[in-house]
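# Architecture and fold: a report
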Amino acid sequence: MTDVRSEKRRAGVFDAPESAMPLLSVRDLVKYFDVSGGAVRRLLYGPRTIKAVDGVSFDVAKGETIGLVGESGSGKSTTARLIARLLPVKSGQVLLSGRDVLKASTSEMKALRKDIQFIFQDPFSSLNPRMRTEVTIGRALTIHFGLRGEARRERVVQLLEQVGLSSQYLERYPHEFSGGQRQRLAIARALATEPSLILADEPVSSLDVSIQAQVLALLHDLRSRLQLTMVFITHDLNVAEFVSDRIAVMYGGKIMEEGSADVVMQRPLHPYTQALFETRPRIGRAGQLRPLEGEPAVPLNPGPGCRFASRCPRRVAACTEQPIPLVAKGNDHSVACIRA
Ligand SMILES: Nc1ncnc2c1ncn2[C@@H]1O[C@H](COP(=O)(O)OP(=O)(O)OP(=O)(O)O)[C@@H](O)[C@H]1O
Ligand SMILES: [Mg+2]
């Protein structure tokens, strides 16, 4: 672990960001899904609400990457979709360079669509199978920059080179790429609009381990070269550690712990983060792996207290009785736990 961090420091990845003002500021974001079903089910079982994202706040400075970590169902993807306004929000605020994303008009949204790009886990689902690379990437160049013909082709080649693909891929279709190459193509397409924010949702989870490392190294490199700001979603702490400057650990729609990646990785304080640490695979530690007990909780009609309480080894009565806010526990480190 220390090796990764010292390597990152040597590579200058932890250099101070350009400006102190956050590029992205997420404030009290809330999204509930009503899963009560029809009138009869509602009558029989009462209202059923999944509190998928419930008061999520964090800031990311320009050029920083925040790792959103947590088990399945913790609300990571919903958070990203809310930030990009792909889902209607219940309440909260998303500011991108001071612009209020959730209140943007249709014309402002056009600019924001260019500024916020997604990279998904499965590039196949986000790439049109009938489009050659030149069109896949070139379309955005025409729409947003009016580029056509040779100028557009040149820029496509430049973008391909930036992600480690050569011009021989210009005429190819997505199915002619390997998994790793396809994700590189998806990254090139995301970069085509020159976004200030990239939302990467498990971008390496479907790749082989060796390819994962290559694509992570690429993202890492692009991030420093292009001063990209990224929200990087992963369930894998090892991946989060490698890519992140900040880490937010989510569980049941809430942030359990947040802070600079250095601090969170070296001194995790929330029992949930600690459990994630103990269960993560590490080279040479396979024999000591302990599973995290219990199923990840779906935040369905949750009580007022800590959502991790039912699985928490340090639970006391007060944990389930009251909301547990994120509280500062030191420099750039906040934890939502009364036992931390
Ligand atoms: N459209 C929807 N309708 C109802 N419930 C939903 C919907 N989308 C998400 N949810 C629920 O919201 C919760 C959070 O889902 P989300 O996809 O954000 O989790 P996640 O952290 O991205 O998980 P994963 O690691 O599995 O991708 C889950 O309990 C999920 O079942
Ligand atoms: Mg998800």
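Quick look at the structure, then.

## A few points about the pairing of strand 1 (residues 22–34)
In terms of strand pairing, strand 1 meets strand 2 (residues 49–61) through 10 bridges, oriented antiparallel. If you follow Leu29 over to strand 2, its bridge partner there is Val56. Relative to strand 4 (residues 91–96), strand 1 runs antiparallel, the two being bridged by five bridges. What sits directly across from Val30, in strand 4, is Ser91.

## Details of unusual backbone geometry
Of all residues except glycine, most have a negative phi; of all peptide bonds, most are trans. Positive phi is not limited to glycine here, since Gln227 has a value of about 55°. Summarising the element assignment, Gln227 is placed in the loop between helix 9 (209–226) and strand 8 (229–234). Overall, the relative accessible area of 28% leaves Gln227 in the partly exposed class. Of note, Asp332 is a non-glycine position whose phi angle comes to about 55°, a positive value. Here Asp332 shows up in the loop between strand 11 (327–328) and strand 12 (333–335). The exposure class of Asp332 is partly exposed, given its relative accessible area of 35%.

## Concerning the nonpolar core
If you look at the biggest cluster of nonpolar residues, it comprises 34 residues, and the most contacted ones within it are Ile137, Val163, Ile187, Leu191, Ile198 and Phe232. When residues of this core are traced back to their parent elements, those giving at least two are helix 6 (133–145), helix 7 (149–162), helix 8 (179–192), strand 7 (197–201), helix 9, strand 8 and helix 10 (237–243). Here this core gets six residues from one element, more than from any other, and that element is helix 8. Not counting the four nearest positions on each side in its chain, Phe232 is found in contact with Thr65, Ile66, Gly67, Leu68, Ala200, Pro203, Leu216, Leu219, Val239 and Val243. Grouped together as the second largest cluster of nonpolar side chains are 31 residues, Ile66, Leu96, Leu199 and Val231 included.

## Considerations on the side chain of Thr79
Within the fold, Thr79 resides in helix 3 (residues 76–83). Apart from the residues within four sequence positions on either side, Thr79 is in contact with Leu29, Val53, Val56, Phe58, Leu68 and Met250.

## Description of the sheet that holds strand 9 (residues 246–251)
Pairing in this open sheet of eight strands is mixed, and the strands run 6-7-8-3-9-10-12-11 from one edge to the other. The two strands at the open ends of the sheet, each matched to only one other strand, are strand 6 (116–119) and strand 11. Sheet topology places strand 11 next to strand 12; two bridges connect them, and they run antiparallel. For Ala328, the partnering residue across the bridge sits in strand 12 and is Ser334. Against the sheet, helix 4 (residues 106–115) engages strand 6 and strand 7, with an angle of about 45° to strand 6.

## Here's the deal with the packing of aromatic side chains
Applying the stated criterion across every chain, the model contains five aromatic pairs. Both rings, one in Phe118 and one in Phe120, keep their centres 4.7 Å apart while their planes meet at 5°; by these two values the pair is stacked. For Phe120, a relative accessible area of 32% translates into the label partly exposed. Each member of the aromatic cluster is reached from another via a ring pair, and the members are Tyr251, Tyr272 and Phe308. Sitting over the ring of Phe124, Arg182 keeps its end group 3.8 Å from the ring centre.

Rules of the game
For every chain, the first residue of the written sequence is number 1, and numbering continues from 1 onward in sequence order. To label them, take the chains in the order written and letter them from A, then take the ligands in the order written and number them from 1. Under the rules for a predicted model, residues below a pLDDT of 70 receive no local features and side-chain atom pairs below 80 are neither given nor counted, while totals for whole chains, interfaces and linings still include all residues. Only hydrogens and water are set aside; all other atoms, that is, all heavy atoms of the structure, feed into the side-chain values. Two strands form a pair only when DSSP identifies at least two bridges running between them. The numbering of helices and of strands both runs from the N terminus, where a helix is a DSSP run of H or I of at least 4 residues and a strand a run of E of at least 2. Three labels apply to residues, based on accessible area from a 1.4 Å probe with only protein chains included: buried if under 20% of the type maximum, exposed if over 50%, partly exposed otherwise in between. Among buried residues, the Ala, Val, Leu, Ile, Met, Phe, Trp, Tyr and Cys ones that are joined through side-chain atoms within 4.5 Å form a nonpolar core. In what follows, a contact means two residues having at least one pair of non-hydrogen atoms within 4.5 Å. A fitted line through C-alpha atoms represents every axis, and for helices the fit uses only the stretch in contact; the resulting angles, taken between N-to-C directions, go from 0 to 180 degrees. Side-chain rings of Phe, Tyr and Trp, where Trp is taken by its six-membered ring, are said to pair if the distance between their centres is within 6.5 Å; with planes under 30 degrees apart they count as stacked, over 60 as edge-to-face, and otherwise as tilted. Lysine and arginine charges are scored as sitting over a ring when NZ or CZ, respectively, is within 6 Å of the ring centre and within 35 degrees of the ring normal.

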